[in-house]
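Structure assessment
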Amino acid sequence: MSKTLHIMGVPFSTRTMNETLEEITSAAGQQQSKPFHLITANPEIVMKAQDDPSLQQIVNEADMITPDGIGIILASRWKGAPLPERVTGYELLLRLLEIGDRKSWSFYFLGADEATNEKAVSTIRSKYPNVRIAGRQNGFFRPEDEPRIVAEVKAAAPDFLIVALGAPGAERWIYKYKAELNAKVAFGVGGSLDVIAGKVKRAPVIWQRLNLEWLYRLLAQPSRWRRQLVLPVFAVKAFMDRSK
Ligand code: UDP
C-alpha cells in the first residue's frame, strides 16, 4: 500500500477526501477478481486489531484504510506526520452517491434493520435518481441466509457494495466473502443508513468542527459509553507509540 502512515501497526492512507475519491473512482472503473476493500478505521478498530490476529489480517489485506475519527488524526500529529483530514464512511458514501449520480454507478445496500434499510434506499433513490440500486438486504439475517445473500450480490455485480453491519462486523463479512462478491468496491459504513433514513441524527456541524462528534454520540446514545472507554486507552497507547 503506497502513501501510508502506520499507527499501531495499521497502515493509514495519507490521502485527502478528494484524493481518496479519485482512487476509489479509478477502482470502480476496473474489472477485478475481488472488490477493492476500503476500511474507514476509528480508534476502536485499531485497538481491537491489537489483540485480534484475524482482524489484523483483514486490516493488512485491505486495499485502503482511511482515518475515521479525530483520535487517529491526533495520533498522526503526535508522530509528526499529520494526516490531512478525517475520511469518514458516512461522508465517503454521500460523495460517492453524488459522483455515482453522474456516472450511473450501481450500489447494493446491505445492513441496518428492514425499515431503516428500505427508507434509506428510497431516500437515496429520490435524491440521486441516476444511481442504480442493484439490490438491498437488511442486516439482521441468519447465518444460513448468507449463501443466498452472497449469490444475490454476485448476480447483481454492483459497482459498490455498501455494508452497514457495524464495525468490525462489516469488515469481517466483506473479507469472508471477498472472492465471491462480484462488486468493484466494498466498504463498511457503520450507522450511515440509520442517518440517511433519519433514524439517528448526526452531530451538528459545529460539534463536528470542534472535533466533538464522539461526545455528541455519547450524549445522544449513552449506552455507547462502554465502547468509548477504549478511547482514552487508545490515546495513551498512541502517545507512547509516537516515535515508532
Ligand atoms: N447492524 C445490522 N446487523 C447487526 C448489527 C448491527 O445491520 O447484526 C446495523 C445497525 O442496525 C446499524 C449499524 O449496523 O445500522 C451499526 O451502527 P453503529 O452506529 O453501531 O456503527 P459502528 O459504530 O459500529 O460503526
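So, how was this worked out
- Residues numbered from 1 in each chain as written.
- Predicted model: local features only at pLDDT ≥ 70, side-chain atom pairs only at ≥ 80, totals over all residues.
- Heavy atoms only, no water.
- Near = heavy atom within 4 Å.
- Polar contact = N/O pair within 3.5 Å; in protein donor to acceptor, adjacent residues only side chain to side chain.
- Areas by Shrake-Rupley, 256 points an atom, 1.4 Å probe, with all protein chains shown as cover.
- Nonpolar A, V, L, I, M, F, W, Y, C, P; charged D, E, K, R; others polar.
- Salt bridge = Lys/Arg side-chain N within 4 Å of Asp/Glu carboxyl O.
- Helix = DSSP H or I, 4+ residues; strand = E, 2+ residues; numbered from the N terminus.
- Buried < 20%, exposed > 50% of the residue type's maximum accessible area, 1.4 Å probe, protein only.
- Phe/Tyr/Trp six-rings, centres within 6.5 Å; stacked < 30°, edge-to-face > 60°.
- Lys NZ or Arg CZ within 6 Å of the ring centre and 35° of its normal.
- Pairing = 2+ DSSP bridges.
- Right-handed = clockwise from strand over helix to strand, strands pointing away.

What follows covers the site of the ligand. If you check the shell around the ligand, you find 15 residues, and the closest are Ala112, Gly139, Ala167, Asp194 and Arg227. Here Gly139 contributes a backbone N or O atom positioned 2.7 Å from a nitrogen atom of the ligand. At 3.2 Å, a backbone N or O of Ala164 approaches an oxygen atom of the ligand. Alone, the ligand offers 550 Å² of accessible surface; in the complex the protein occludes 74% of this. Looking at the shell around the ligand, its residues break down into 5 nonpolar, 5 polar and 5 charged.

Overall, the coordinates contain 16 salt bridges when judged by the stated rule. When the shortest N-O distance is used, the salt bridge between Asp159 and Arg132 registers 3.9 Å. Residue Asp159 is located in the loop between helix 7 (146–156) and strand 7 (160–164), and its partner Arg132 is located in strand 6 (residues 132–137); the two are separated by 27 residues in the primary sequence. Residue Arg132 is classed as partly exposed on the basis of its relative accessible area of 47%. Notably, a salt bridge pairs Lys237 with Asp241, separated by 3.6 Å at the nearest N-O pair. Connected via shared salt-bridge partners are Arg86, Glu91, Arg202 and Glu213.

This paragraph deals with the packing of aromatic side chains. Enumeration according to the criterion identifies 7 aromatic pairs in this entry. Ring plane angle 15° and centroid distance 4.8 Å describe the contact between Phe107 and Phe160, whose orientation is recorded as stacked. A residue pair is termed long-range when its members are at least 10 positions apart, and Phe107 in strand 5 (residues 106–111) and Phe160 in strand 7 qualify at 53 residues. Look at Phe107 and you get buried, because its relative accessible area is 0%. Seen from their ring centres, Trp207 and Tyr216 are 5.3 Å apart, and the 70° between their planes marks the pair as edge-to-face. Overall, Trp207 belongs to the partly exposed group, its relative accessible area being 27%. Here the guanidinium or amino end of Arg242 rests over the ring plane of Phe239, the centre of that ring lying 4.0 Å away.

Moving on: the pairing of strand 8 (residues 185–188). Residues Val185 and Phe187 of strand 8 are buried on one face, and the alternating residues Ala186 and Gly188, pointing to the opposite face, are buried as well. Of the pairings in the sheet, the one linking strand 3 (residues 36–41) to strand 8 comprises 3 bridges and is parallel in character. Bridge assignment links His37 to a residue of strand 8, and that residue is Ala186. Examined bridge by bridge, strand 7 and strand 8 share 4 bridges and lie parallel to one another. Looking at the pairing, Phe160 lines up with Val185 of strand 8. In the classification by handedness, the crossover that spans strand 7, the intervening helix 8 (residues 169–177) and the parallel strand 8 is right-handed.

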